[in-house]
Amino acid sequence: MAEKSLCRNLKSDILIYVATGDKKNAGTDANVAIILHDEAGNFTEKIVLDRFLRNDFERGHHDMFKVSRSKLGSLVGKVVKIELWRDDAGLASDWFVDRIVVEHISTKHQSVFPMLRWIKAGFHYKIKHFDTSLPQCDEHPEQREMELKDKKKLYQFAQKAPGMPIQVRLWLFTHLSGGECK
């Protein structure tokens, strides 16, 4: 009985936990939004993740957001997919997210969404519960293609002579150091 009254006092059915990574420049000052999808195909309206007068999404921090019932719309079941995006507002808008956890307060059921990636400004990331699928079964091939192109640009490789080992050049290292890896 005490749990039910606690839930009424929170005026929220869902808690969203966001773990920002501990990488250099992982925190962001950008505006972040999310949409939750349940197993029945229902989804919420856009939910802005922001706590008033708090510096959210700092490097290595864990933030919790209470979602009011009015924002949940027709969402009834377990959350099985999220859409996450950010803008490029603020001086430090880059953002590396480790994971997002969505918890139903009444049932204590948690849905885990491992992100483990840098979030580009303006792109809507669509992540399934536990984010696992074979490439040929991926529901969002455009997202996978974009991420593969980014990796190919970051890690360039060449084989200088037939039969010799492949040499990998990290794009970021060569451009920040001003040198060329040879």
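Preceding block: the structure.
So, here is what we can say about the structure in this document. (Residues numbered from 1 in each chain as written. Predicted model: local features only at pLDDT ≥ 70, side-chain atom pairs only at ≥ 80, totals over all residues. Heavy atoms only, no water.)

**Observations regarding a nonpolar patch on the surface**
Where nonpolar side chains cluster on the molecular surface, the patch consists of Y155, F157, I166 and V168 and spans about 460 Å² of accessible area. Within the secondary structure, F157 is located in strand 9 (residues 155-158). (Patch = residues over 30% accessible without salt bridge, like charges linked within 9 Å, V, L, I, M, F, W, Y side chains within 5 Å. Areas by Shrake-Rupley, 256 points an atom, 1.4 Å probe, with all protein chains shown as cover. Salt bridge = Lys/Arg side-chain N within 4 Å of Asp/Glu carboxyl O. Helix = DSSP H or I, 4+ residues; strand = E, 2+ residues; numbered from the N terminus.)

**Here's the deal with the pattern of salt bridges**
The tally for this structure, following the rule as stated, stands at 8 salt bridges. Of the charged contacts in the structure, one is a salt bridge between R69 and D13, with a shortest N-O distance of 3.3 Å. A residue pair is termed long-range when its members are at least 10 positions apart, and R69 in helix 2 (residues 69-72) and D13 in strand 1 (residues 12-20) qualify at 56 residues. Judged by its relative accessible area of 29%, D13 falls in the partly exposed class. (Buried < 20%, exposed > 50% of the residue type's maximum accessible area, 1.4 Å probe, protein only.)

**A few points about the side chain of Q143**
Mapping Q143 onto the fold places it in helix 3 (residues 141-154). At a separation of 2.8 Å, a polar atom in the side chain of Q143 contacts the main-chain amide nitrogen of K126. Apart from residues lying up to four places away in sequence, Q143 is in contact with R117, F123, H124, Y125, K126 and I127. (Polar contact = N/O pair within 3.5 Å; in protein donor to acceptor, adjacent residues only side chain to side chain. Contact = heavy atoms within 4.5 Å.)

**Looking at the environment of F43**
Within the secondary structure, F43 sits in the loop between strand 2 (32-38) and strand 3 (47-49). Judged by its relative accessible area of 49%, F43 falls in the partly exposed class. Separated by 31 residues in sequence, F43 and S74 have C-alpha atoms that sit 6.7 Å apart. Residues contacting F43, with those up to four places away along its chain left out, are I35, L36, H37, L72, S74 and L75.

**Re the packing of aromatic side chains**
By the definition in use, this model includes 4 aromatic pairs. Among the aromatic side chains, those forming a connected cluster through ring pairs are F57, F65 and W95. Over the ring of F96 we find K23, and its NZ or CZ is 4.9 Å from the ring centre. Residue placement shows R51 over the ring face of F65; its charged tip is 5.6 Å from the ring centre. (Phe/Tyr/Trp six-rings, centres within 6.5 Å; stacked < 30°, edge-to-face > 60°. Lys NZ or Arg CZ within 6 Å of the ring centre and 35° of its normal.)

**Some points on the nonpolar core**
Judged by nonpolar contacts, the single largest core of 26 residues is most densely connected at I16, L36, I82 and I100. If you list the elements that add at least two residues to this core, you get strand 1, strand 2, strand 3, strand 4 (62-68), strand 5 (79-86), strand 6 (96-104), strand 7 (110-118) and strand 8 (125-128). Leaving out residues up to four positions away in the same chain, I100 has contacts with I16, Y17, V18, I34, I82, L84, S111, V112, F113 and M115. (Core = buried A, V, L, I, M, F, W, Y, C linked by side-chain atoms within 4.5 Å.)

**Quick word on the layout of surface pockets**
In this structure, the second largest pocket occupies an estimated 300 Å³ of space. If you trace the second largest pocket, you find 15 residues lining it, with R117, D131, D138, R144 and E147 closest to the centre. For the lining of the second largest pocket, the elements supplying multiple residues, two or more each, are strand 8 and helix 3. By residue number, the principal contributor to the lining of the second largest pocket is helix 3, which donates 5 residues. Residue composition of the lining of the second largest pocket, by class: 2 nonpolar, 4 polar and 9 charged. (1 Å grid on protein atoms, 1.4 Å probe; cavity = no way out; pocket = protein on both sides within 12 Å on 5 of 7 lines; lining within 4 Å. Points joined across faces, edges and corners; volume = space filled by probe spheres on them. Nonpolar A, V, L, I, M, F, W, Y, C, P; charged D, E, K, R; others polar.)

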